[in-house]
Amino acid sequence: MKPRITVITLAVEDLERALRFYRDGLGFATEGIIGTEFEHGAVVFIDLQHGLKLALWPRSSLARDSGLSLTPPCPTGLSLGHNVASRDEVDDVMKQAAHAGAVIVKPAQVTFWGGYAGYFQDPDQHLWEVVWNPAWAG
């Protein structure tokens, strides 16, 4: 298997709420909810970067499609990293996320490895790290 990720799916409790958070709060461009003509088909797709999409899909639909039992969310099972170009941009994104309704779980601060980062959770407890890494500047 070649390492090639094309879609990251976040399971959400309330698709409308997730759409508002990501589209209206964070400013992610999307066509909105599509697939409503299919049972368990309603989904939101967001273009991230070339060849990568973020999908927002109801937790119940993902459980049904995968054949797994619906379980409570686990916020520490995965984090999504959003790398930015400066410490100021970390602060700006964290403020935007908080204004959109995110829970700030770790305010932005200097990291042990010399970067600057903070963590927030979206309304479905998905964990995002907003980070500036001086080694990746360039």
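None of these values were measured; they are calculated from a predicted model. (Residues numbered from 1 in each chain as written. Predicted model: local features only at pLDDT ≥ 70, side-chain atom pairs only at ≥ 80, totals over all residues. Heavy atoms only, no water.)

Student: Explain the overall build of the chain here, please?
Tutor: In terms of regular secondary structure, the chain is built from three helices and eight strands. Start at the N end of the chain and walk to the C end: the helices and strands fall as β-α-β-β-β-α-β-α-β-β-β. Taking 138 residues into account, the globule formula puts the C-alpha radius of gyration at 14 Å, and the chain, at 16 Å, falls close to it. In terms of overall dimensions, the chain has C-alpha extents of about 45 × 40 × 30 Å along its principal axes. Look at the contacts in the chain between residues 6 or more apart in sequence, and 48% of them connect residues 24 or more apart. (Helix = DSSP H or I, 4+ residues; strand = E, 2+ residues; numbered from the N terminus. Rg over C-alpha atoms; globule rule 2.2 N^0.38 Å. Contact = heavy atoms within 4.5 Å.)

Student: Could you clarify how one ought to interpret the sheet that holds strand β7 (residues 116-121) in this entry?
Tutor: Consider a sheet: its strands pair through backbone hydrogen bonds, and that pairing is either parallel or antiparallel. Strand order across the open sheet formed by four strands is β5-β8-β7-β6, with mixed pairing between neighbours. Here the strands that pair on one side only, and so sit at the sheet edges, are β5 (79-84) and β6 (103-110). Strand-to-strand twist in this sheet, taken as the mean axis angle between neighbours without regard to direction, amounts to 15°. Sheet topology places β6 next to β7; five bridges connect them, and they run antiparallel. Of the residues in β7, the one forming a bridge with lysine 106 is tyrosine 119. Running at roughly 10° to β7, helix α3 (residues 87-100) makes contact with β5, β6, β7 and β8 (127-132) of the sheet. (Pairing = 2+ DSSP bridges. Axes fitted to C-alpha atoms, helices over the stretch in contact; angles between N-to-C directions.)

Student: Looking at this model, I keep getting lost on the environment of alanine 117. Mind explaining?
Tutor: Along the polypeptide, alanine 117 turns up in strand β7. Owing to a relative accessible area of 5%, alanine 117 belongs among the buried residues under this scheme. Remark: the alpha-carbon pair of alanine 117 and aspartate 14, spanning 103 residues in sequence, is separated by 28 Å. With residues up to four places along the chain from it excluded, the contact list for alanine 117 reads Val90, Pro107, Ala108, Gln109, Thr111, Glu129, Val130 and Val131. (Buried < 20%, exposed > 50% of the residue type's maximum accessible area, 1.4 Å probe, protein only.)

Student: Hey, could you run me through the sheet that holds strand β1 (residues 7-12) in this one?
Tutor: Pairing in this open sheet of four strands is mixed, and the strands run β1-β4-β3-β2 from one edge to the other. The sheet is open, and its two edges are formed by β1 and β2 (30-34), each paired on a single side. Averaged over all adjacent pairs, the angle separating strand axes in this sheet is 25°, with direction ignored. Here helix α1 (residues 15-25) sits on the sheet and contacts β1, β2, β3 (43-49) and β4 (52-58); the angle it forms with β4, its principal contact strand, is near 150°.

Student: What is the right way to look at unusual backbone geometry in this model?
Tutor: As a rule of thumb, non-glycine residues mostly have phi less than zero, and peptide bonds are mostly trans rather than cis. Residues other than glycine seldom take positive phi values, yet histidine 40 does so here, at roughly 65°. By the element assignment, histidine 40 lies in the loop between β2 and β3. Despite not being glycine, glutamine 125 has its phi angle at roughly 75°, a positive value. The exposure class assigned to glutamine 125 is partly exposed, which follows from its relative accessible area of 34%.

Student: Is there a simple way to explain the pairing of β3 in this structure?
Tutor: Every regular strand shows the same layout, with side chains that alternate between the two sheet faces. Pairing analysis gives three bridges linking β2 to β3, with the strands arranged antiparallel. Directly across from threonine 30, in β3, lies its bridge partner isoleucine 46. Two elements, β3 and β4, share five bridges in a ladder whose sense is antiparallel. Residue pairing in the sheet places valine 44 in a bridge with leucine 56 of β4. Following β3, the chain reverses through two residues before pairing antiparallel with β4; glycine 51 in that reversal takes a positive phi of roughly 80°.

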